[in-house]
Amino acid sequence: MGQADAGIDLPTSIGYLLKQASSALRAAMEEALRPLGMTITHYSCLELLAQRPGLSNSDLARGAFVTRQSMNVLLQALERAGQVTRPDVAPAGRVLPVTLTETGRAALARASAAVRAVELRMLAHLSEDEQDHARRILAGLVGALTDPADRGRPASRMPAGTVTTTGTG
């Protein structure tokens, strides 16, 4: 078997195509958020807080896929901008829950509209059924890589066409 035989065929590699899609989505979101003076991490932080008020720095960092240190720097900037608040003293333990302010909610509303426009553009050529199918497939791919029960399971042992999902959505 030659070296070329052992390689991955990039045009048909699901992993490579996912990375291309991720990069294209990120670039489009950055372009949409830039005029609002916002980064993807900034937007993600506000969106997470709107959906789950009171998250900690660590929770926000995990949700936005950044380090705790990076999130702390962002939170300090968001506090100075009046978009979030954190108590001076932790109500329990060491966790300082973060809360979105009205200024933050207004910024989020503008950013959400911009991000939603990007997503609609990305999905424009897919029917509702195709969008639902894509969601199930992507959730299954994530689950296969993150579910401890799937770790180490060879692909050949999974029934053909099996799509595993995480959560109920």
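The rules we used
Residues numbered from 1 in each chain as written. Predicted model: local features only at pLDDT ≥ 70, side-chain atom pairs only at ≥ 80, totals over all residues. Heavy atoms only, no water. Helix = DSSP H or I, 4+ residues; strand = E, 2+ residues; numbered from the N terminus. Buried < 20%, exposed > 50% of the residue type's maximum accessible area, 1.4 Å probe, protein only. Contact = heavy atoms within 4.5 Å. Areas by Shrake-Rupley, 256 points an atom, 1.4 Å probe, with all protein chains shown as cover. Salt bridge = Lys/Arg side-chain N within 4 Å of Asp/Glu carboxyl O. Arc of directions from axis to C-beta. Axes fitted to C-alpha atoms, helices over the stretch in contact; angles between N-to-C directions. Parallel < 35°, antiparallel > 145°, perpendicular 65-115°, else oblique. Nonpolar A, V, L, I, M, F, W, Y, C, P; charged D, E, K, R; others polar.

### Observations regarding the overall build of the protein
When you go through the protein residue by residue, the secondary structure sums to seven helices and two strands. Helices and strands appear in the protein in the N-to-C order α-α-α-α-α-β-β-α-α. Of all 169 residues assigned to the protein, the portion counted as buried reaches 25%. Here the contacts in the protein between residues at least 6 apart in sequence split such that 46% fall between residues at least 24 apart. For the protein, the accessible area works out to roughly 11,600 Å², and carbon and sulfur atoms hold 57% of it.

### Let's talk about the pattern of salt bridges
One pass over the full model with this rule turns up six salt bridges. A salt bridge links R116 to E119; the shortest N-O distance between them is 2.9 Å. Linking R116 with E119, this pair stays in helix α6 (residues 102-123), spanning three residues, or about one helical turn. For R116, a relative accessible area of 43% gives the class partly exposed. Overall, the relative accessible area of 32% leaves E119 in the partly exposed class.

### Overview of unusual backbone geometry
In the Ramachandran plot, F65 falls in the positive-phi region, its phi being about 60° despite a non-glycine side chain. Along the chain, F65 falls in the loop between α4 (57-64) and α5 (68-80). Note on F65: relative accessible area 78%, which makes it exposed.

### Concerning α4
Residues N57, L60, A61 and A64 constitute the buried set of α4. With its buried residues spanning 100° around the axis, α4 presents them on a single face.

### With respect to the packing of α4 against α5
Orientation of α4 relative to α5, taken along the N-to-C sense of each, is 110°, at an axis distance of 8 Å. Looking at the two axes, α4 sits roughly perpendicular to α5. Between α4, through N57, S58, L60, A61 and A64, and α5, the contact on the second element is made entirely by R68, M71, N72 and L75. Split by residue class, the contact of α4 with α5 holds five nonpolar, three polar and one charged.

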